[in-house]
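Next come the chains, spelled out residue by residue.
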Amino acid sequence: MIKYPTGVENHGGALRLWFMYKGKRMRENLGVPDTPKNRKIAGELRVSICYQIKTGNFDYATQFPGSPYVKQLNNFQGNAITLEELSKKWLDLKRMEITLNAHNRYCSYIKICTEILGMNRPIASITNEDILNIRKELLTGYQICGIHQKNRSLKKGRSVRTVNVYLTCLSGMFNFAKINKYIEHSPFENISPLRKSKTEPDPLSKDEYLRLLNVAPSEQIKNLWVLAINTGLRHGEICALAWEDIDTKDWTITIRRNLAVSGHFTPPKTEKGNRTVNLTTPAIQSLKNQMSYTKLGAQHKIKVHLREYGRTRTDECTFVFVPRQTAINGRGGDYYSPGSFGATWNNLLKRAGIRHRRSYESRHTFACWALSAGANPNFIAVQMGHTSAQMIYSVYGKWISDNNQSQLDILNADFSSNAPLMPQASTQ
């Protein structure tokens, strides 16, 4: 039995090659007889073609000028635009529909992915195998090579969750390319997200909370984290919090802005984020303690970038937490940035000898404590600005189930009394 090299076959007595190009199996007749010598040459040609496709250097019209596929392939612009050119075009258009913070993240994800793939590669040369390889490299670590040896840098691997986010973003860019006929098929076809384990909240214990507060280097930082943990506010909402947002008679906070990128104020993360938060006793006390530091401070006019692209509003803000109040050199800003906010958390954990957690666990701590105390999940969802209570059930279900016994006590106490009157139908 005659053995043929991979991708080489007999077709009507002549040799024919097959190979994958742009997600399709291509077949090209070589027009030479099927002989041992020609088989070997055909196998070497096929290896060369596959390498050119992988490196983005394959020109179909040059290799097979008489092929009927050439005209079909010329209808697509994928050979004329590189990954770098496509990414600039897509990110520029994307800017009008997402926040600045999200856009900055998209730019970072795409930059990393295109550096691994090769920024100067034609997008039509990117294959399904390339996407699987980039996924593997993002997980296990990858190397970005500079022109000089000293510029070579090794990047450590990302988590499964992070890799899925990167590839979702990259997939969006290739879908844009397909819709606009830069490519015929997306290399993401038949690629599913990696399976990931559910991340459980890691709240502070009551003992850790007290230890955290005891090592606060200033009253303001102590007040800041008492408010954060006892309200579950997003950190960007606390950075942007002004005394004008606080009702000191009924002790509520109206959340109307967020700060996710330093100096760039926006509305809250979601529409439900525009809310009125009822304050607990510790949260009220933290604000009373903070009054003497910043309540009579300077008022600033800030620009808030609204959800509709290009629209802004101006808010007058006397910020509740002012870094300048606690800066050693007196050069702190008028409000906390997200980065400096998280830095105070890391410093407190280190001072108190508490196991490291993300600063976002302050928000989880509020939710877990509230549920353990028996608070209604729907009420907590409103307080935290979630779109629905489903988020509370899916993320904090363990803390709700831990409360089953107290709920049973409530039912037993109520059911042991006289049965409630049945509601009467309206006669109107």
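Further up the page is the structure itself.
Enquirer: Requested: an account of the nonpolar core, with residues and values cited.
Expert: Formed by 44 residues in total, the largest nonpolar core has its most connected members in L212, W225, I246, I253, L279 and L287. The greatest single-element share of this core, amounting to seven residues, is contributed by helix α9 (residues 219–231). Among residues more than four places away in sequence, those in contact with I246 are L241, W251, T252, I253, L287 and V320. Grouped together as the second largest cluster of nonpolar side chains are 30 residues, I123, I134, C169 and F174 included.

Enquirer: Which residues make up the pairing of strand β10 (residues 275–278), and what values do they have?
Expert: Two faces belong to every sheet, and in a regular strand the side chains alternate between them. Where burial is concerned, the two faces of β10 differ: the one with R275 and V277 is buried and the one with T276 and N278 is not. Of the strand pairs in this sheet, strand β7 (residues 252–255) and β10 are connected by four bridges, and their pairing is antiparallel. Within β10, the position partnered with T254 by the bridge is T276.

Enquirer: Account for the sheet that holds β7, naming residues and giving values.
Expert: Whether parallel or antiparallel, the strands of a sheet pair through hydrogen bonds between backbone atoms. Overall, antiparallel pairing links the three strands, which are arranged β6-β7-β10 in an open sheet. Sheet topology places β6 (246–247) and β10 at the edges, where each strand pairs with a single neighbour. The pairing of β6 with β7 spans two bridges and is classified as antiparallel. Residue I246 lies in a different strand from β7, and its bridge partner there is I253.

Enquirer: Summarise helix α14 (residues 377–384); cite the residues concerned and give the values.
Expert: Taken together, the buried positions of α14 are P377, I380, A381, Q383 and M384. With its buried residues spanning 165° around the axis, α14 presents them on a single face. N-cap assignment for α14: the residue whose side-chain oxygen lies 2.8 Å from the backbone N of N378 is N376.

Enquirer: Could you give an account of the packing of helix α4 (residues 83–94) against helix α5 (residues 100–117), with specific residues and numbers?
Expert: Two elements in contact, α4 and α5, have axes separated by 11 Å at closest approach and are oriented at 170°. The angle between α4 and α5 places the two elements in the roughly antiparallel class. Residues L83, S87, W90, L91 and K94 of α4 touch α5, and the partners they reach there are H103, Y106, C107, I110, T114 and L117. Among the residues making up the contact of α4 with α5, the classes are represented as seven nonpolar, three polar and one charged.

Enquirer: Explain the packing of aromatic side chains residue by residue, including any values.
Expert: Inspection of every chain in the model, using the stated rule, returns 19 aromatic pairs. Note on F19 and Y60: the rings are 6.1 Å apart at their centroids and 40° apart in plane angle, and the pair reads as tilted. Within this pair, whereas F19 is found in strand β2 (residues 14–21), its partner Y60 is found in helix α2 (residues 60–63), the two being separated by 41 residues in sequence. Under the relative-accessibility criterion, F19 is labelled buried at 0%.

Enquirer: An account of α4 is requested, with residue identities and associated values reported.
Expert: In this model α4 runs 16 Å from its N-terminal to its C-terminal C-alpha over 12 residues, within 8% of the 16 Å that 1.5 Å per residue would give. Every buried residue of α4 is listed here: L83, L86, S87, W90, L91 and K94. Along the axis of α4, the buried residues cluster in a sector spanning 120°; they form a single face. Turned more than 90 degrees from where α4 packs its buried face, K88 and D92 sit exposed. Residues of α4 that are buried sit in contact with α5 and α7 (160–179).

The rules we used
- Residues numbered from 1 in each chain as written.
- Predicted model: local features only at pLDDT ≥ 70, side-chain atom pairs only at ≥ 80, totals over all residues.
- Heavy atoms only, no water.
- Core = buried A, V, L, I, M, F, W, Y, C linked by side-chain atoms within 4.5 Å.
- Buried < 20%, exposed > 50% of the residue type's maximum accessible area, 1.4 Å probe, protein only.
- Helix = DSSP H or I, 4+ residues; strand = E, 2+ residues; numbered from the N terminus.
- Contact = heavy atoms within 4.5 Å.
- Pairing = 2+ DSSP bridges.
- Arc of directions from axis to C-beta.
- Polar contact = N/O pair within 3.5 Å; in protein donor to acceptor, adjacent residues only side chain to side chain.
- Axes fitted to C-alpha atoms, helices over the stretch in contact; angles between N-to-C directions.
- Parallel < 35°, antiparallel > 145°, perpendicular 65-115°, else oblique.
- Nonpolar A, V, L, I, M, F, W, Y, C, P; charged D, E, K, R; others polar.
- Phe/Tyr/Trp six-rings, centres within 6.5 Å; stacked < 30°, edge-to-face > 60°.
- Expected span 1.5 Å × (residues − 1).

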